[in-house]
Amino acid sequence: MAKQANSYRFSFGPWNISTGADPFGPPVRKEVPFAKKIREYRELGFTHVQLHDDDVVPADWDSVQTSKGVAKVKKMLDGEGLTGEFIAPRLWEDPRTIDGGYTANKAADRTYARERTRRAVDIARMMDIDLMVLWPAREGTYIREAKDASQAVGRLVEAIDDILKTDAKIRVVGEMKPNEPMDQAYCPTVGHFMGLVYRTLDPKRVGVLIESAHSILAGLDPADDMAYALWHGKLWGVHLNDQNGLKYDQDKTFGSVDLRRAFNQVWVLERAKYYDIGVVGLDIKAMRTTKQADATKHLANSLAMFNHLLELVRSVDAGKVEELRAARDYEGLERYILEHILGRKGR
Ligand code: GLO
Ligand code: MG
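Residues numbered from 1 in each chain as written. Chains lettered and ligands numbered in written order. Predicted model: local features only at pLDDT ≥ 70, side-chain atom pairs only at ≥ 80, totals over all residues. Heavy atoms only, no water.

The subject of this paragraph is the packing of helix α9 (residues 259-271) against helix α12 (residues 330-341). Remark: α9 packs on α12, axes separated minimally by 11 Å, with the N-to-C direction vectors making an angle of 95°. The orientation of α9 with respect to α12, classified from their angle, is roughly perpendicular. Contact with α9, carried on its side by Arg-260, Phe-263 and Trp-267, involves Glu-334, Ile-337, Leu-338, His-340 and Ile-341 of α12 and no other residues of that element. (Axes fitted to C-alpha atoms, helices over the stretch in contact; angles between N-to-C directions. Helix = DSSP H or I, 4+ residues; strand = E, 2+ residues; numbered from the N terminus. Parallel < 35°, antiparallel > 145°, perpendicular 65-115°, else oblique. Contact = heavy atoms within 4.5 Å.)

Attention now moves to the coordination of the magnesium ion (ligand 2). Protein-derived ligands of the magnesium ion (ligand 2) are Glu-175 (OE), Glu-211 (OE), His-239 (ND1) and Asp-283 (OD), with the metal-ligand distances lying across 2.0 to 2.3 Å. Coordination at the magnesium ion (ligand 2) is octahedral: its six donor atoms span angles of 82 to 172° at the metal. All donors to the magnesium ion (ligand 2) come from one chain, and their sequence spacing reads E-x35-E-x27-H-x43-D. Taken together, the positions of Glu-211 in strand β8 (residues 206-211) and His-239 in strand β9 (residues 235-240) put the pair 28 residues apart, joining distant regions of the chain. (Donors = N, O, S within 2.8 Å, 3.2 Å for Na, K, Ca; no water. Tetrahedral: all angles 85-135°; square planar, octahedral: opposite > 155°, others 65-115°.)

With that settled, the discussion passes to unusual backbone geometry. Along the chain, Glu-180 connects to Pro-181 via a cis peptide bond; the corresponding omega equals 10°. The topology assignment puts Pro-181 in the loop between β6 (171-174) and β7 (184-185). One non-glycine residue, Asn-6, adopts positive backbone phi at about 65°. By the element assignment, Asn-6 lies in the segment before β1 (10-12). Of the residues examined, Asn-6 reaches a relative accessible area of 39% and is grouped as partly exposed. (Buried < 20%, exposed > 50% of the residue type's maximum accessible area, 1.4 Å probe, protein only.)

We now examine helix α1 (residues 34-44). Every α-helix winds through 3.6 residues per turn, so residues three or four apart in the chain are directed the same way. Every buried residue of α1 is accounted for by Lys-37, Ile-38, Glu-40, Tyr-41 and Leu-44. Looking down the long axis of α1, one finds its buried residues gathered within 155° of arc, a one-sided arrangement. Buried-residue contacts for α1 involve β1, β2 (48-52), α3 (63-80) and α10 (297-314). (Arc of directions from axis to C-beta.)

In this section: the nonpolar core. With 83 residues, the main nonpolar core has Phe-46, Val-56, Ile-87, Met-127, Leu-235, Phe-263 and Phe-306 as its most contacted residues. Both domains that meet at this core, namely domain 1 (10-313) and domain 2 (315-347), each give it at least three residues. Beyond its immediate stretch of four places on either side in the chain, Phe-263 contacts Leu-309, Leu-312, Val-313, Val-316, Ile-337, His-340 and Ile-341. Counting residues in each nonpolar core, the second largest holds seven residues, with Phe-86, Leu-131, Val-173 and Trp-236 among its members. (Core = buried A, V, L, I, M, F, W, Y, C linked by side-chain atoms within 4.5 Å. Domains from an automatic or database assignment.)

What follows is about the pattern of salt bridges. On inspection of all chains with the given rule, the structure shows 29 salt bridges. Between Glu-158 and Arg-114 there is a salt bridge; the shortest N-O distance is 4.0 Å. Within this pair, whereas Glu-158 is found in helix α5 (residues 149-166), its partner Arg-114 is found in helix α4 (residues 107-126), the two being separated by 44 residues in sequence. Judged by relative accessible area, Glu-158 falls into the partly exposed class, the value being 45%. Salt-bridge contacts for Arg-125 lead to Asp-167; the nearest nitrogen and oxygen are separated by 2.7 Å. Taken together, the positions of Arg-125 in helix α4 and Asp-167 in the loop between α5 and β6 put the pair 42 residues apart, joining distant regions of the chain. Several salt bridges share partner residues, and in doing so they unite Asp-53, Asp-54, Asp-55, Arg-90 and Arg-116 into one network. (Salt bridge = Lys/Arg side-chain N within 4 Å of Asp/Glu carboxyl O.)

So, on to the domain arrangement of the protein chain. In terms of domains, the protein chain is made up of domain 1 (10-313) and domain 2 (315-347). The C-alpha centroid of domain 2 is placed 35 Å from the C-alpha centroid of domain 1. The partner domain 2 presents nine residues to the seven residues of domain 1 that form the contact. Counting the surface lost from both domain 1 and domain 2, the interface buries some 830 Å², and carbon and sulfur atoms represent 60% of this. When the area that domain 1 buries against domain 2 is broken down by residue, the three leading residues are Arg-260, Trp-267 and Leu-312, summing to 60%. Across the contact surface, domain 1 and domain 2 share one salt bridge. One salt bridge in this structure joins Glu-334 and Arg-260, with 3.1 Å as the shortest N-O distance. Seen at the junction of domain 1 and domain 2, the total is seven residue pairs in polar contact (both at pLDDT 80 or more). Every element with two or more residues in the side of domain 1 that touches domain 2 is listed here: α9 and α10. Take the side of domain 1 that touches domain 2: its biggest share by element is four residues, from α9. (Buried area = accessible area lost by both parts, 1.4 Å probe. Polar contact = N/O pair within 3.5 Å; in protein donor to acceptor, adjacent residues only side chain to side chain.)

Here is the structure:
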């Protein structure tokens, strides 16, 4: 379907409609069947679906079952007018990934991770998806002495090369996060990953996906992180959400903690014409207190916040901003931006 000029496309992952289970308590909402989740997308204003390999088909299916299963899901998406945005190999649940995937100390475990990733590339190809997301969940350590950190970096590059060799069209994006589940992740930030991109077999096909909460957890500003990746021409995905300080990864509604920080992310994306580059992905968790009937409200709320902030970004008086910058009147600029966000135009 043709896209209108200047219009953004939005995605979320089926895991964003969840049961509310957390490390301290069981599910509080019923699991919504995958087919029902898929039916919710258009109604909520989304056109793209983020997928793990095993959101599409179970990881232990053989190749015949896999092809049939993938075709079924593809048909389901087509039927709803939806497009798969990316496939991400889920390398953090299988017992063979306890010590990490590509950086596990045991050779057999590393082989499993690489084989599973190649299978995820096949799934992507069968679904006409050309983007693979790597969130290296367990590629890191609980204690520094556990692994050889330099060797781990090389192993990450080899794993990316393996993907590039498996399919000539696939593009790979790293979704970096500094901690959780690990105490320390290898490649904790976008900048770290960017350093690896240029050492891969085909840097043209390797980029990043930036999740707001992950940058915040690294003590960085998500808008600046996005700007950094955009300069490299490598921001091919975003996971917008919010995060209240340095604690576990919260995946809160976009803009719910810091509206100005959210405004700046939209500003950076809009200035770069991100609508022509990629899809605006959300990665948002519902609060555990959310009732079954409201299981998608956090997604609708985040999308609404993006659109409201976009309106604000588009109505910024660029001439005024330039004037205040030229005069080095950042106090004046601060007042202008705050009043603009508060909707106090001309008052
Ligand atoms: C976790 C990540 C995770 C990824 C998803 C896609 O912190 O944000 O949700 O985005 O697995 O790779
Ligand atoms: Mg994410």
